[in-house]
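Here is how the chains run, residue by residue.
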Amino acid sequence: MNDILAVAGLKRSFTQGGVTIDVLRGIDLAVARGEIVALLGPSGSGKSTLLQAVGLLEGGFEGSIRILDEEAAQLSGDERTRLRRDALGFVYQFHHLLPDFNATENVMLPQMVRDVADAVARTRAADLLTSLGLGHRLDHRPSQLSGGEQQRVAVARALANRPALVLADEPTGNLDERTADIVIDEFIRLVREEGSSALVATHNERLAARMDRVVRLSEGVLVEVAV
Ligand SMILES: Nc1ncnc2c1ncn2[C@@H]1O[C@H](COP(=O)(O)OP(=O)(O)OP(=O)(O)O)[C@@H](O)[C@H]1O
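Analysis parameters
Residues numbered from 1 in each chain as written. Predicted model: local features only at pLDDT ≥ 70, side-chain atom pairs only at ≥ 80, totals over all residues. Core = buried A, V, L, I, M, F, W, Y, C linked by C-beta atoms within 7 Å. Buried ≥ 20, exposed ≤ 12 C-beta atoms within 10 Å, placed from the backbone. Contact = placed C-beta atoms within 7 Å. Helix = DSSP H or I, 4+ residues; strand = E, 2+ residues; numbered from the N terminus. Pairing = 2+ DSSP bridges. Right-handed = clockwise from strand over helix to strand, strands pointing away.

*Asks:* Just give me the short version of the nonpolar core, but keep the residues and values in it.
*Replies:* General note: in soluble globular proteins, nonpolar side chains tend to be found buried as a group. One finds L39, A156, L165 and L199 to be the most contacted residues of the largest nonpolar core, which totals 64 residues. Contacts of L199, omitting those with residues within four sequence positions, involve L5, V31, V37, L39, L51, V54, L165 and L167.

Below is the structure:
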């Protein structure tokens, strides 16, 4: 079984003020080991909703989500947390780095949660940051970094625990075009080097075309897009 992620018949609706919107109407999606898949779709089409379900951050959906062959619906809360911590990495539009910690410490943190020894976590953090061109910024706090640098630290943090799958929600949405290109290329390179896989939500077709495969979320279902 080579799929890191297998989603089948995934549905999610929201009801507010007596009105129900069917955001996900039956999503089928597989991400193979080593594959980088772009998830395209206009604002409000449900990209974040899908990533939150796959990231085991939200319940309330119908259908099947299998990560590394484990069916999410059959797991207890603790088991879901364990699977999320061990198998998934996250990058968001805003970096969400801790302001009082420097770049190295921010990348060490997810490793500390998994009881990785301090020295090992520090070396891993420095290696990742150096690979992303931040070897001269290891001791800088987020406020002392540019937007592109902050986002690269967030990428390093997402990969720190060697996740099988990285979920990225508009990872370059806050960056100018040129910086976005650089960060997404670095992201793709590092995911490949690390032997990880990724599902990347974006509304940017140009960035999507750099990935292995593109799917588009439209009217609550996914359609494959030729690139
Ligand atoms: N908790 C919630 N309660 C009610 N409606 C919600 C909730 N979360 C999302 N929605 C609705 O679901 C739809 C999809 O939202 P979602 O954030 O997944 O879209 P998106 O494609 O990620 O958009 P964007 O590109 O703007 O981030 C929207 O119409 C939104 O209003």
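*Asks:* Run through the environment of E186, naming residues and quoting values.
*Replies:* Positionally, E186 belongs in helix α6 (residues 177–193). A count of 19 C-beta atoms within 10 Å places E186 in the partly exposed class. Along the primary structure E186 and A226 are separated by 40 residues, whereas in three dimensions their C-alpha atoms are 23 Å apart. Setting aside residues no more than four positions away along its own chain, E186 makes contact with L132, R152 and V155.

*Asks:* So what's going on with the pairing of strand β7 (residues 165–169)? Residues and values would help.
*Replies:* Of all five residues that make up β7, five are buried, and the element is covered over most of its length. Pairing between strand β6 (residues 88–91) and β7: four bridges, direction parallel. Directly across from F90, in β7, lies its bridge partner L167. Taken together, the five bridges between β7 and strand β8 (residues 197–202) define a ladder with parallel strand orientation. Of the residues in β8, the one forming a bridge with L165 is S197.

*Asks:* Now, about the pairing of β8: what can you tell me, with residues and values included?
*Replies:* In terms of burial, β8 is a largely internal element, six of the six residues being buried. Burial along β8 is two-sided: the face carrying S197, L199 and A201 and the face carrying A198, V200 and T202 are both buried. Where strand β3 (residues 36–40) and β8 come together, five bridges link them in parallel fashion. Within the sheet, the bridge partner assigned to L40 lies in β8 and is T202. At this point the chain moves from β7, through α6, to the parallel β8, and the crossover so formed is right-handed.

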